[in-house]
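Report on the structure
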Amino acid sequence: MSEHTALIVDDEPAIRELLEITLGRMGISTQAAEDLDSARSLLKEDQFDICLTDMRLPDGNGIDLVSYIQRDYPDTPVAVITAHGNMESAIAALKAGAFDFVSKPVDLQILRELVKTALRLGDRTGRSERSGAQLLGESGAMVELRQKIDKVARSQAPVYIHGESGTGKELVARLIHTQSARSEFPFVPVNCGAIPGELMESEFFGHKKGSFSGAVADKHGLFQAAEGGTLFLDEVAELPLHMQVKLLRAIQEKAIRPVGAPIEVPVNVRILSASHKDLTRQVQDDRFRQDLYYRINVIELDVPSLRERVTDIEILATDILRKLTGELPGTSPQLSEATLKRLSVYAFPGNVRELENVLERALAMCEGEWIEPDDLGLRDEEAAQEPAGVSEPVAETLDEQLELQEREALTQALEQTRWNKTAAAELLGMSYRQLRYRLKKLGID
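Basis of the calculations
Residues numbered from 1 in each chain as written. Predicted model: local features only at pLDDT ≥ 70, side-chain atom pairs only at ≥ 80, totals over all residues. Heavy atoms only, no water. Salt bridge = Lys/Arg side-chain N within 4 Å of Asp/Glu carboxyl O. Buried < 20%, exposed > 50% of the residue type's maximum accessible area, 1.4 Å probe, protein only. Helix = DSSP H or I, 4+ residues; strand = E, 2+ residues; numbered from the N terminus. Pairing = 2+ DSSP bridges. Axes fitted to C-alpha atoms, helices over the stretch in contact; angles between N-to-C directions. Polar contact = N/O pair within 3.5 Å; in protein donor to acceptor, adjacent residues only side chain to side chain. Contact = heavy atoms within 4.5 Å. Core = buried A, V, L, I, M, F, W, Y, C linked by side-chain atoms within 4.5 Å. Parallel < 35°, antiparallel > 145°, perpendicular 65-115°, else oblique. Left-handed = near helix turned anticlockwise from the far one by under 90°. Nonpolar A, V, L, I, M, F, W, Y, C, P; charged D, E, K, R; others polar. Patch = residues over 30% accessible without salt bridge, like charges linked within 9 Å, V, L, I, M, F, W, Y side chains within 5 Å. Areas by Shrake-Rupley, 256 points an atom, 1.4 Å probe, with all protein chains shown as cover. Lys, Arg positive; Asp, Glu negative; His and termini not counted. Charge placed at Lys NZ, Arg CZ, Asp CG, Glu CD.

**What to know about the pattern of salt bridges**
Applying the stated rule across the entire model yields 17 salt bridges. The partner of D312 in a salt bridge is R309, and the shortest N-O contact between them spans 3.3 Å. Relative accessible area serves as the criterion here: at 0%, D312 is assigned to the buried category. Using a relative accessible area of 4% as the deciding quantity, one classes R309 as buried. The closest approach of N and O atoms between D319 and K323, which form a salt bridge, is 3.2 Å. Taken as a pair, D319 and K323 lie in helix 14 (residues 313-324) at a separation of 4 residues, close to a single helical turn. For K323, a relative accessible area of 57% corresponds to the exposed category. One continuous salt-bridge network, built from bridges that share partners, spans E12, D54 and K104.

As structure tokens, this is what we get:
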């Protein structure tokens, strides 16, 4: 088995020796440099599987070395050693392309986990194919998004995924995970808007037996469930402010304190988050902490709406129909030219998720080999071409106005909870039975 090699860059002999001993016990050979110039010379002479560099060096800083390696040796992950509590430097290093960071005084267990994760980067080939995850589309926007996913998958930096409801933000997060060095460990998605406020801390961090009424046994939280892997915080804008404070500390310290526990527990997870809301506006309105925003938004990915990639509709529709009819005998119905034209001019406020619903309904309605425009159940083309966000026609009576408001509130709650009706009922402060009655009354699927 070939031996891994690490480059250690630090001007303090004691730190270099500590890192050399730690990595040596892991079976990793090391070479050391005390400044940027020496590090560049060693990089030209040898190939390294990982580089550990201090932030402050006699002839520059760690970010200079990160940028240099990113440009000339992009397959070598770089981890930066920062001063304790200096998150600004850590974030700057991650933005420059650092794989990860570790704070002084160096926690050797955290360092070992970081190195193990970095060394797994060499075996990323074909992970997305093996997982079955796919991000379909040949439009320029989707090609660019796939390229960005491949790049950020090599890092441990937190990624914020922004896009409208139904665009596939969770799929993007899964692809980042499956193409990363963490792919063999859990991917744990959580909808932040679907967890009751009083249970949130216990759900995220776990609790000890007897810490509160009903805590009859120790319980691991979401962070511990994602150990070694990725924790995906969907609709992160829905977190209450008190949880934002606790989440920020967990991310910065790489440790959590279960409810009722006397000490913090180290955790090794990568944080991905997403929201359909504008977090910048949320920060301006004091609904989201600015320090947490900067911590989770080290790298930002925008997922385009379906309106921005109309040329992908046929590819998506073909794949959706194949999945929907995969277990049915005979030839599955196809989309007629007129149907494709109708789909291409529809605004799709619900994006890919709405396209899936439309095609599922069309399959149930069509009677021959072709799905025709009438099978789609869409509004007429003039209404369909209205820009996203245009409201329905103004109601003429008070009853109609109230019905429109109720429909909007119900739909918003369902989208916020990813159509989890139990969670939507809790969000609206009503029983599940009441919600079902109102959805049936309004004809909402």
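What follows continues from the structure just given.
**Things to note about unusual backbone geometry**
In this model, K104 is joined to P105 through a cis peptide bond whose omega is -10°. As for its placement among the helices and strands, P105 is situated in the loop between strand 7 (100-103) and helix 5 (108-119). In this structure, E235 takes a positive phi of about 50° despite not being glycine. Within the secondary structure layout, E235 lies in the loop between strand 10 (230-234) and helix 11 (241-253). A positive phi angle, near 55°, is found at K254, a position not held by glycine. Structurally, the position occupied by K254 is in the loop between helix 11 and strand 11 (255-256).

**Focus: the sheet that holds strand 13 (residues 270-275)**
The strand order 9-10-13-8-14 describes an open sheet built from 5 strands, whose pairing is parallel. At either end of the open sheet lies a strand with only one pairing partner, and these are strand 9 (187-191) and strand 14 (299-302). If you compare each strand with its neighbour and ignore which way they point, the axes differ by 20° on average. Two strands pair when backbone bridges link them, and strand 8 (residues 159-162) and strand 13 are joined in this way by 4 bridges, in the parallel orientation. Paired with I161 across the strands is A274, a residue of strand 13.

**Some thoughts on the side chain of N268**
Residue position: N268 is located in the loop between strand 12 (265-266) and strand 13. Looking at N268, the relative accessible area reads 16%, which means it is buried. Separated by 2.8 Å, the side chains of N268 and R182 make a polar contact. Setting aside anything within four residues of it in sequence, one finds N268 in contact with E113, T117, R182, A226, E227, G228 and G229.

**Some points on the nonpolar core**
In this structure, F204, F223, L231 and L233 are the most contacted members of the largest nonpolar core, which totals 31 residues. For this core, the secondary structure elements donating two or more residues are strand 9, helix 9 (200-205), helix 10 (222-225), strand 10, helix 11, helix 12 (279-284) and helix 13 (290-296). Each residue touching F223, except ones within four places of it in the same chain, is listed here: F204, F205, L231, L247, A250, I256, V267, V269 and I271. Counting residues in each nonpolar core, the second largest holds 21 residues, with A317, Y346, A362 and I371 among its members.

**With respect to the side chain of T22**
Here T22 shows up in helix 1 (residues 13-24). Look past the residues within four positions of T22 in its chain and what remains in contact with it is L108, L111 and R112.

**Quick look at helix 20 (residues 421-428)**
Buried within helix 20 are the following residues: A423, A424 and A425. Where helix 20 begins, one side-chain oxygen reaches toward the backbone nitrogen of T422, 3.2 Å away; that side chain belongs to N420. A positive backbone phi angle near 70° is found at G429, which sits one or two residues after helix 20.

**As for the packing of helix 14 against helix 16 (residues 351-365)**
Orientation of helix 14 relative to helix 16, taken along the N-to-C sense of each, is 55°, at an axis distance of 10 Å. Classified by the angle between their axes, helix 14 and helix 16 sit oblique to one another. Where helix 14 crosses over helix 16, the two elements pack in a sense that is right-handed. Mapping the contact onto sequence places I313, L316, A317, I320, L321 and L324 in helix 14 and V352, L355, E356, L359, E360 and L363 in helix 16. Of the residues contributing to the contact of helix 14 with helix 16, the split by class is 10 nonpolar, no polar and 2 charged.

**Describing a positive patch on the surface**
On the surface, K421, R433, R436 and K440 cluster together into a positively charged patch. Looking at which element gives the most residues to the positive patch, the answer is helix 21 (residues 432-442), with 3 residues. Tracing the backbone through its elements, the reader meets R436 in helix 21. What makes R436 exposed here is its relative accessible area of 52%.

**Structural notes on the sheet that holds strand 7**
In space, the 5 strands of this open sheet follow the order 2-1-3-6-7, with parallel pairing throughout. What marks the edges here is a single partner per strand, and that holds for strand 2 (29-33) and strand 7. Ignoring strand direction, the axes of neighbouring strands in this sheet form an average angle of 20°. Examined bridge by bridge, strand 1 (residues 5-9) and strand 3 (residues 50-54) share 4 bridges and lie parallel to one another. Looking at the pairing, I8 lines up with L52 of strand 3. Taken strand by strand, helix 2 (residues 36-45) contacts strand 1 and strand 2, and its axis lies near 140° from that of strand 2.

That's the geometry; what it means functionally is another story.
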